[in-house]
Amino acid sequence: MSKSILTAALACAGLILLPACKKDAAADGSAGAEAAKPGSDTLAKAIGSASNLSTVAAALKSTGLDAVFDGKASYTVLAPTDQAFAALGDKKASLTAPENGAALAAALRDHIVPGTLTPADIAKAIDAAKGEPVKMRTVGNGELSFAKSGSTITVTAPDGSTAKFAGDAVAAKNGVAIPIDGLLKKI
């Protein structure tokens, strides 16, 4: 079996654990607020229109990954907020510099999961796993681990970097962007 087919199969297997739900993440990272109804915009346009996701929107555009979100396939983007990028200080300029486009694209691919998943979907999967972390493959072939403490959902990358859900998800016709308070890559 080819690596891309195996990756797709693993991603789909992770999605089976996540039933659809109508809730979304609250500003405190919890999964308790009502979800926005999917709009008519593509995920690329929805991310670009979100006031707290302008840095990740620019990063997606500069790497060409935004074009993926204009297609028919659905994705979930764990989108670092503008504050998460600002917290990098001088490292932000280096990460987003044009000469580092390949590294930025690789980092962003590990923030993207195939399929549409709301924070409530992820919370339900964790609950169904009796509180054990739920693991999912990214389009960059990394594995993210989602855990819950109370109503706060935390995502951990293979390198140990973590982020919490940080605000209301942005719903689009072909996916959802979940704001997170950090980057899932040690810089």
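It should be emphasised that the depicted structure is a prediction, and the values quoted were computed from it without experimental measurement. (Residues numbered from 1 in each chain as written. Predicted model: local features only at pLDDT ≥ 70, side-chain atom pairs only at ≥ 80, totals over all residues. Heavy atoms only, no water.)

Digging into the overall build of the chain
Inference 1: If you tally the helices and strands in the chain, you get seven helices and ten strands.
Inference 2: Taking all 187 residues of the chain together, the buried fraction comes to 43%.
Inference 3: Sequence separation of at least 24 residues holds for 67% of the intrachain contacts in the chain that already meet a minimum separation of 6.
Inference 4: Just so you have it, the chain exposes about 9000 Å², and 56% of that area is on carbon and sulfur atoms. (Helix = DSSP H or I, 4+ residues; strand = E, 2+ residues; numbered from the N terminus. Buried < 20%, exposed > 50% of the residue type's maximum accessible area, 1.4 Å probe, protein only. Contact = heavy atoms within 4.5 Å. Areas by Shrake-Rupley, 256 points an atom, 1.4 Å probe, with all protein chains shown as cover.)

What about the sheet that holds strand 7 (residues 152–156)?
Inference 1: With respect to topology, four strands assemble into an open sheet ordered 5-6-7-8, the strand pairing being antiparallel. The sheet terminates laterally at strand 5 (134–137) and strand 8 (162–164), the two strands that pair on one side only. Mean inter-strand twist for the sheet, computed between neighbouring axes without regard to direction, equals 25 degrees.
Inference 2: As judged from the five bridges shared by strand 6 (residues 143–149) and strand 7, these two strands associate in the antiparallel manner. Within the sheet, the bridge partner assigned to S145 lies in strand 7 and is T156.
Inference 3: Packed onto the sheet, helix 7 (residues 119–128) meets strand 5, strand 6 and strand 7 and runs at close to 80 degrees relative to strand 6. (Pairing = 2+ DSSP bridges. Axes fitted to C-alpha atoms, helices over the stretch in contact; angles between N-to-C directions.)

What about helix 6 (residues 101–109)?
Inference 1: Those residues of helix 6 lying buried are L104, A105, A107 and L108. End-on view of helix 6: buried residues confined to an arc of 160 degrees, all on one side of the axis. (Arc of directions from axis to C-beta.)

Concerning the nonpolar core
Inference 1: Among the nonpolar cores identified, the biggest contains 27 residues, and L43, I47, L53, V56, F69, V77 and A177 are the most heavily contacted of them.
Inference 2: Not counting residues within four places of it along the chain, the set of residues in contact with F69 comprises T42, L43, A44, L60, Y75, V77, I112 and N174.
Inference 3: Among the nonpolar cores identified, the runner-up in size contains 21 residues, and M136, I153, V176 and I180 belong to it. (Core = buried A, V, L, I, M, F, W, Y, C linked by side-chain atoms within 4.5 Å.)

Comments concerning the side chain of T76
Inference 1: Position of T76 relative to the elements: it lies in strand 3 (residues 75–80).
Inference 2: Polar side-chain contacts of T76 include one of 2.7 Å to the backbone nitrogen of L117.
Inference 3: Excluding anything up to four places from it in sequence, T76 contacts H111, I112, V113, G115, T116, L117, V176 and I178. (Polar contact = N/O pair within 3.5 Å; in protein donor to acceptor, adjacent residues only side chain to side chain.)

Observations regarding the packing of aromatic side chains
Inference 1: Enumeration according to the criterion identifies two aromatic pairs in this entry.
Inference 2: Pairing F69 with Y75 gives two aromatic rings, centres 5.6 Å apart and planes at 75 degrees, and the pair type is edge-to-face. With respect to burial, F69 and Y75 carry one shared label: buried.
Inference 3: With a centroid separation of 6.3 Å and 80 degrees between ring planes, the pair formed by F146 and F165 is classed as edge-to-face. Of this pair, F146 sits in strand 6 while F165 sits in the loop between strand 8 and strand 9 (170–172); the two residues are 19 residues apart in sequence, bridging distant segments of the chain.
Inference 4: According to the relative accessible area criterion, F165 is buried, its value standing at 1%. (Phe/Tyr/Trp six-rings, centres within 6.5 Å; stacked < 30°, edge-to-face > 60°.)

Notes on helix 7
Each full turn of the α-helix corresponds to 3.6 residues, which orients residues three or four apart in the same direction.
Inference 1: The buried fraction of helix 7 amounts to seven of the ten residues, a majority that puts the element mostly inside the structure.
Inference 2: Among all positions of helix 7, only P119, A120, D121, I122, A123, A125 and I126 are buried.

Some points on the pairing of strand 3
Inference 1: Here strand 3 lies mainly inside the structure; six of its six residues are buried.
Inference 2: Where burial is concerned, the two faces of strand 3 agree: the one with Y75, V77 and A79 and the one with T76, L78 and P80 are both buried.
Inference 3: Pairing of strand 3 with strand 4 (residues 112–114) involves three bridges; the strand directions are antiparallel. If you follow Y75 over to strand 4, its bridge partner there is P114.
Inference 4: As defined by bridge partners, strand 3 adjoins strand 10 (residues 175–180) across six bridges and the pair is classed as parallel. In the sheet register, T76 faces strand 10, and the bridge partner there is V176.

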